[in-house]
Amino acid sequence: GAGVSQSPRYKVAKRGQDVALRCDPISGHVSLFWYQQALGQGPEFLTYFQNEAQLDKSGLPSDRFFAERPEGSVSTLKIQRTQQEDSAVYLCASSLVLTRVDTQYFGPGTRLTVL
Amino acid sequence: AQSVTQLDSHVSVSEGTPVLLRCNYSSSYSPSLFWYVQHPNKGLQLLLKYTSAATLVKGINGFEAEFKKSETSFHLTKPSAHMSDAAEYFCVVSDTGSNYQLIWGAGTKLIIKP
C-alpha cells in the first residue's frame, strides 16, 4: 500500500503567520510521530499519538506548536505565529504498533521556511 | 541517558570500494539500534535494525552492521559502494526510558566518487 504522505512538501511563511502541516500515515498504523529536523542535524522528537490520543508532547518547543489526530488517522501539526527559528523539515512517521523495536515509516517531510 | 555519536560528518569513497560508517552509542540497558538512510527529497528509510538477536545484522541494499557491546559500537558497512548509495545515513538508538522515542545521531553524508 501507499507509504506515509505529507503535505505540503514545501511551505514558505512570513514571520508571524500560522501554518498547518498535514500527515497521512500508513493505513492501520496505530502510532504516529512528528519530528523536527534542522539543517545538518538528525531528527528531533516532537510528539507522539496512539490512535487519537496524544500521549507525549514533551518535544514540542513552545506553546505555539500544536498537533492533533482527531480520528486516529490523519494528523495536523500547527505552528502559530511562526518565527525564523521554526524553519526546518518537519517529518511524520507511523508504526503499526508500539514497541521499542517496531519500525517507524517516514514521510518525505515538509520543508518550512520562515522569512 | 542514551546518546549516539556518528564519528564522521562526511565519508567519501570510490565506487566499488568498501564503505564504513561509524557509530558509537551510550545506553544503560540493552539497546535497540537502527540505521536509516535519507536520500535527497525522499523520506527516511530503514536500512537495518538490531534487537538483541544476532549481533551481525543484514539490511537492504547489501548493507550490514555489527553490534559490539564491549565497544558500544554499531558500525555500518558495505563491501562495494554503488553510486546510488550516495545519501545521508543516521544511526539511531531507542530510548529505554520509553517504548518509542528514538535518539538520532547527527548523520554521515556518504559521497561516492566515480
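This section reports on the structure supplied with the text. All residue numbers refer to positions counted from 1 along the written sequence of the respective chain. All chains are assigned letters beginning with A, and all ligands numbers beginning with 1, in the order in which they are written. Local features in this predicted model are restricted to residues whose pLDDT is 70 or higher, and side-chain atom pairs enter the listing and the counts only when it is 80 or higher, whereas totals over whole chains, interfaces and linings include all residues. With hydrogens and water excluded, all non-hydrogen atoms of the structure serve as input to the side-chain values.

### Re the overall build of chain A
And step 1. Counting from the N terminus, the helices are the DSSP runs of H or I reaching at least four residues and the strands are the DSSP runs of E reaching at least two. The number of helices and strands found in chain A is zero helices and 11 strands.
And step 2. Listed by position from the N terminus, the elements making up chain A come as β-β-β-β-β-β-β-β-β-β-β.
And step 3. Relative to the 2.2 N^0.38 estimate, which gives 13 Å for 115 residues, the radius of gyration of chain A is 13 Å and therefore close to what a compact globule would have.
And step 4. Judged by the C-alpha coordinates and their principal axes, chain A covers about 40 × 25 × 25 Å.
And step 5. Only protein chains enter the accessibility calculation, which uses a 1.4 Å probe; a residue is then buried when its area is under 20% of its type maximum, exposed when over 50%, and partly exposed in between. When the 115 residues of chain A are sorted by exposure, 45% land in the buried category.
And step 6. The criterion used for residue contact is that any of the two residues' heavy atoms lie within 4.5 Å. Summarising the internal contacts of chain A: among those between residues at least 6 apart in sequence, 53% fall at separations of at least 24. Radius of gyration means the value over C-alpha atoms here, while the globule rule gives 2.2 Å times the residue count to the 0.38 power.

### Side note on the environment of B:Ser84
Residues and elements named next belong to chain B.
And step 1. For Ser 84, the location among the structural elements is in the loop between strand S9 (73-78) and strand S10 (87-94).
And step 2. Judged by its relative accessible area of 46%, Ser 84 is partly exposed.
And step 3. Sequence separation of Ser 84 and Val 4 is 80 residues, and the distance between their C-alpha atoms is 26 Å.
And step 4. A polar contact is formed between the side chain of Ser 84 and the side chain of His 82, at a distance of 2.9 Å. We define a polar contact as two N or O atoms separated by no more than 3.5 Å, with the added condition that, inside protein, one atom must be a possible hydrogen donor and the other a possible acceptor, whereas residues neighbouring each other in sequence contribute only through side-chain atom pairs.

### Regarding the interface of chain A and chain B
And step 1. Taken together, the contact between chain A and chain B spans 24 residues of the former and 24 residues of the latter.
And step 2. Regarding the contact of chain A and chain B, the summed buried area is about 1800 Å², with carbon and sulfur atoms giving 51% of it.
And step 3. The salt bridge definition used is simple: a Lys or Arg side-chain nitrogen within 4 Å of an Asp or Glu carboxyl oxygen. Applying the counting criterion to the chain A and chain B interface returns zero salt bridges.
And step 4. Here chain A is connected to chain B by three residue pairs in polar contact (both at pLDDT 80 or more). Throughout, the accessible surface (probe 1.4 Å) given up by two parts as they are put together, summed over both, is called the buried area.

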